[in-house]
Amino acid sequence: MKKIKDKIKSLKNFDFKKYYKENKLMLIFILVSLINAMLLRFLTIKNYFDIQPILCDLAFLIIISSFSHLIKPKNRFKYFLTLSILISIICIINSMYYTNYLSYASVSLLATSLQIVDVADAVYENVMEIKDFCYIWQVIAIIFAYISIKKKENNTIQNRNKNGFFNTLIFGFVVLGIFVISLSPTDIGRITKQWNRDYIVSKYGIYTYQLSDAIFSVTPKITSMFGYDKNYKEFRDYYNEKQPSQPNKYTNIFEGKNVLVIHAESIQQFTMETSFNGEEVTPNLNKLASEGMYFSNFYAQESVGTSSDSEFTFNTSLLPATSGTVAINYWDREYLTIQKLLKQKDYYTFSMHANNCTFWNRNLLHQQFGYDKFYCHTNDYKIDEDDIIGLGLSDKSFFEQSVEKIQKINDEHNNWYGTLIMLTNHTPFSGIVGHTDYEVDYKYEDIDEETGERVIKSAPYLEGTVMGNYIKSVHYADEAIGQLIEDMDENGLLENTVVVIYGDHDAKIKKSEYERFYNYDYKTDSVLSPDEPGYIEMDDIDYELNRKVPLIIWTKNMDSKYKTEVTEVMGMYDVLPTLGNMLNISSSYSLGTDIFSTENNVVVFPDASWITNDIYYNSQTNEAFSINRKENNINFSQSLDYIEKINKIVEQKIMVSNAIEIYDLIKQASIDNSVKVN
Ligand code: GP9
Ligand code: MN
């Protein structure tokens, strides 16, 4: 305590002039590194003078500079020169990477991206630009600064300076503290997920991004060095014991058909059961559901990898990674996917998405899935300013442009499998305002006080709320899907095509938004309170159960014997086995099951919670609930054994999935199998 007090006292008498004189080189290093980081942001994301990244860069630079005090003064120049070279290289690589991929470089991707840049492309397509090298000035500046300081001054201090180290370090942490206070929970969440690299750099600056990226990239590599044998054994045991799925009336019904998958961003199932003033939110989805197979009790099973997790689980029947995300940390492992299975049947496979090609690492992830081509962003789409809603190109324009491409693909290939990834209905949903006429007010009949006539009045209800904007946005997405189906039909593209639509995850709308949605009283324009009659409560469990998303499998003129609404609980990992059975493909590494051959299905969530037709088990609280608990409370004392049994199955599936992702076991198994065959 006394030591700290003394330290604070000594700070009061701190001699700034002396500090400046003794640390000129260090201060110049901090300044030039700060300028280089700003320059990089300026030339890439056009983030000019935002204070947050400047603060974070500054804290980082002060902290690494503080260590120079522990080095003998005659060697300090070497320290700052090495750091300057390193910093210039980081800036140059990131600048080049941004020029080519519109994103920042990641240690985990570097080796592969260097391979991907074809040498020929490098020469002809300007992989490097002059501006990418401007950061080198830092090295020159440090050398000049050193020479001029040396000429002018004869520094007498020749020892390491512990005091200087502590003072500088403390100052670095003070700046860091100020920066941390300015962060929002989203900012903190994003650095742990690491996928939105533009966002991280715009908040944390390039240095902290690169450091965190290096840590997150190396961690899975280190993890995968341990526990290999145990995991490989679990993996083999699991698949050896797994029973093959039994044929059913859906077996091979779509063999030889093209497949159009629509990845419907953030569409939740409850919107299909919702109307405003007599108008359905999703008339097109409802129509398709009634004409095809509609899975109305379907969960997405995503983790922090949201969209990318759902794509992964849909195409592999595996679960998202427990730590990190497959798209970022384990994208380069071998997976058995729908794309690869259909390619064995000569299908051409493609994906289309109007957002940045590197978002969720899709430029690499989609290759790994086995897509022949990924049509994305400005490479393949015309993105006019007028056509932008929310995050990017509107779904309607995206679909319109995609149909032209599909037409061409259809002309050139006998069979194809394509995924269209929607974008407009992405949080925060406010971008939709002004792009749809759909109203989320409450219209009612009333007597006009002056004339005594019946009139239609309107109460605001959800207008202007997040839920209201979400509903409007879903309505827009539904219209876009309706238009796409029409366009495809007009172009004769539906004659031999199965359309599969899935909501990729819930909209993550706060529980409080549902309060108004369920309990609005138009007469008083207010929300009922819990003690008022008619109040509908949504507790945490209701919220979880409500995270369902739609799954629809549809063909034009579907034979009525196949039309159905499946109310059995089902998860994203059941899609490959279920759809695969219809297309005559199957994966020996699936974790899900064909819903038409399964009784008592279990949907496993990445955090080890699970759902059956009757029970929802929450692994965080270790509690189980009856799905219909409000009417029907099951006796859990009798079900404990059952819950324990399911918990074991769930843990095993999560373990096997992680083992495949971390240790690349599908690849290993195929090597081992080929050795055995030979
Ligand atoms: C962006 C889109 C959104 O390209 O797929 O991803 P999300 O934020 O939903 O994971
Ligand atoms: Mn998504």
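Residues numbered from 1 in each chain as written. Chains lettered and ligands numbered in written order. Predicted model: local features only at pLDDT ≥ 70, side-chain atom pairs only at ≥ 80, totals over all residues. Heavy atoms only, no water.

## Describing the pattern of salt bridges
This model, assessed by the stated rule, comprises 29 salt bridges. For the salt bridge of D57 with R41, the shortest nitrogen-to-oxygen distance reads 2.9 Å. With D57 in helix α4 (residues 51-66) and R41 in helix α3 (residues 24-43), this pair connects stretches of sequence that are 16 residues apart. Both residues of the pair, D57 and R41, count as buried. (Salt bridge = Lys/Arg side-chain N within 4 Å of Asp/Glu carboxyl O. Helix = DSSP H or I, 4+ residues; strand = E, 2+ residues; numbered from the N terminus. Buried < 20%, exposed > 50% of the residue type's maximum accessible area, 1.4 Å probe, protein only.)

## Overview of the state of the cysteines
Such a bond, covalent and formed between the sulfur atoms of two cysteines, is termed a disulfide. Taken as a whole, this structure holds one disulfide when the rule is applied. Here C357 engages in a disulfide with C376; their sulfurs sit 2.2 Å apart. The sign of the 100° torsion about the S-S bond sets the C357-C376 disulfide as right-handed. Of this pair, C357 sits in the loop between β5 (348-353) and α17 (362-369) while C376 sits in strand β6 (residues 373-376), placing them 19 residues apart in sequence. (Disulfide = S-S within 2.5 Å.)

## Brief notes about the sheet that holds strand β19 (residues 610-611)
One open sheet holds the four strands; their spatial order is β18-β19-β20-β21, and the pairing between them is antiparallel. Pairing within the sheet leaves two strands with one partner each, and these edge strands are β18 (603-604) and β21 (623-626). Pairing geometry for β19 and strand β20 (residues 615-618), over two bridges, is antiparallel. Considered in β20, the bridge of W610 is made with Y617. (Pairing = 2+ DSSP bridges.)

## Description of the coordination of the manganese ion (ligand 2)
Here the manganese ion (ligand 2) is held by E265 (OE), E265 (OE), S307 (OG), D504 (OD) and H505 (NE2), and the distances to it run 2.0 to 2.5 Å. One chain supplies every donor for the manganese ion (ligand 2), spaced along it as E-x41-S-x196-D-H. Accessibility assignment for this pair places D504 and H505 in one class, buried. (Donors = N, O, S within 2.8 Å, 3.2 Å for Na, K, Ca; no water.)

## Considering a positive patch on the surface
Judged by side-chain charge, K72, K74, K78 and R160 come together as a positively charged surface patch. On the secondary structure map, K74 appears in helix α5 (residues 73-101). (Patch = residues over 30% accessible without salt bridge, like charges linked within 9 Å, V, L, I, M, F, W, Y side chains within 5 Å. Areas by Shrake-Rupley, 256 points an atom, 1.4 Å probe, with all protein chains shown as cover. Lys, Arg positive; Asp, Glu negative; His and termini not counted. Charge placed at Lys NZ, Arg CZ, Asp CG, Glu CD.)

## Comments concerning the site of ligand 1
Every residue near ligand 1 is listed here: E265, T306, S307, H353, N355, F359, W360, R362, L423, H426 and H505. Between ligand 1 and the protein, one listed contact pairs an oxygen atom with a side-chain N or O atom of S307 at 2.8 Å. Among the residues forming the shell around ligand 1, the class breakdown is three nonpolar, six polar and two charged. (Near = heavy atom within 4 Å. Polar contact = N/O pair within 3.5 Å; in protein donor to acceptor, adjacent residues only side chain to side chain. Nonpolar A, V, L, I, M, F, W, Y, C, P; charged D, E, K, R; others polar.)

## Overview of the layout of surface pockets
Reported here for the largest pocket is a volume of approximately 1,100 Å³. Forming the boundary of the largest pocket are 37 residues, of which K242, Q243, S245, G592 and T593 lie nearest the centre. Mapped onto the lining of the largest pocket, the elements with two or more residues apiece are α12 (228-241), α23 (575-583) and α24 (636-663). Among the elements that line the lining of the largest pocket, the one with the most residues is α24, at six residues. Considered class by class, the residues forming the lining of the largest pocket number twelve nonpolar, 19 polar and six charged. (1 Å grid on protein atoms, 1.4 Å probe; cavity = no way out; pocket = protein on both sides within 12 Å on 5 of 7 lines; lining within 4 Å. Points joined across faces, edges and corners; volume = space filled by probe spheres on them.)

## Focus: the confidence of the model for the protein
Considering every residue of the protein, the mean pLDDT works out to 90; 92% of them sit at 70 or more. Overall, residues 111-125 carries pLDDT values under 50, and its contacts beyond four positions in sequence, including any with other chains, amount to eleven contacts. (pLDDT = per-residue confidence, 0-100. Contact = heavy atoms within 4.5 Å.)

## Quick look at the pairing of strand β9 (residues 416-421)
Here β9 lies mainly inside the structure; six of its six residues are buried. The alternating pattern of β9 places W416, G418 and L420 and Y417, T419 and I421 on opposite faces, both of which are buried. Two strands pair when backbone bridges link them, and strand β1 (residues 258-264) and β9 are joined in this way by five bridges, in the parallel orientation. Each bridged residue has a counterpart across the sheet, and for V261 the counterpart in β9 is T419. Strand direction decides the pairing type here: β5 and β9, joined by six bridges, are parallel. Bridge pairing links M352 to L420 in β9.

## What to know about the environment of S526
Its location among the elements puts S526 in strand β14 (residues 526-527). When the C-alpha positions of S526 and I671 are compared, they lie 65 Å apart, and in sequence the two are 145 residues distant. If sequence neighbours within four positions are ignored, S526 has contacts with N519, Y520 and D521. Only 2.7 Å separates the side chain of S526 from the side chain of T524, close enough to count as a polar contact.

## Topic: the packing of aromatic side chains
Within the structure shown, the criterion is met by 45 aromatic pairs. On the numbers, 5.8 Å between centres and 45° between planes, the contact of Y228 with Y232 is tilted. One end of the pair, Y228, and the other, Y232, are both in helix α12, four residues apart, so they sit about a helical turn from each other. On the basis of relative accessible area, Y228 is assigned to the partly exposed category, the value being 25%. (Phe/Tyr/Trp six-rings, centres within 6.5 Å; stacked < 30°, edge-to-face > 60°.)

## A short note on the environment of F77
Tracing the sequence through the fold places F77 in helix α5. Residues F77 and S586 lie 509 residues apart in sequence; the distance between their C-alpha atoms is 62 Å. Ignoring sequence-local partners within four residues, the contact set of F77 consists of L25, I142, I143 and Y146.

## Comments concerning the packing of helix α14 (residues 306-316) against α17
Where α14 contacts α17, the axes come no closer than 12 Å and their chain directions differ by 5°. Considering their axes alone, α14 and α17 lie roughly parallel with respect to each other. Counting all contacts with α14, which are made through S307, S308, E311, F312 and N315, the residues of α17 involved are R362, L365, H366 and F369. Partitioned by chemical class, the residues of the contact of α14 with α17 number three nonpolar, four polar and two charged. (Axes fitted to C-alpha atoms, helices over the stretch in contact; angles between N-to-C directions. Parallel < 35°, antiparallel > 145°, perpendicular 65-115°, else oblique.)

## Comments concerning the pairing of strand β10 (residues 442-447)
By the bridge criterion, six bridges tie β10 to strand β11 (residues 454-459) in an arrangement that is antiparallel. Note on β11: the bridge partner recorded for Y442 is A459.

## Quick look at the side chain of Q301
Along the chain, Q301 turns up in the loop between β4 (293-299) and α14. Under the relative-accessibility criterion, Q301 is labelled buried at 1%. Polar side-chain contacts of Q301 include one of 2.7 Å to the backbone nitrogen of M572.

## Considerations on a nonpolar patch on the surface
Together, V107, V218, I222, M225 and F226 line one region of the surface with nonpolar side chains, adding up to about 480 Å² of accessible area. Among the structural elements, M225 can be located in the loop between α11 (197-223) and α12.

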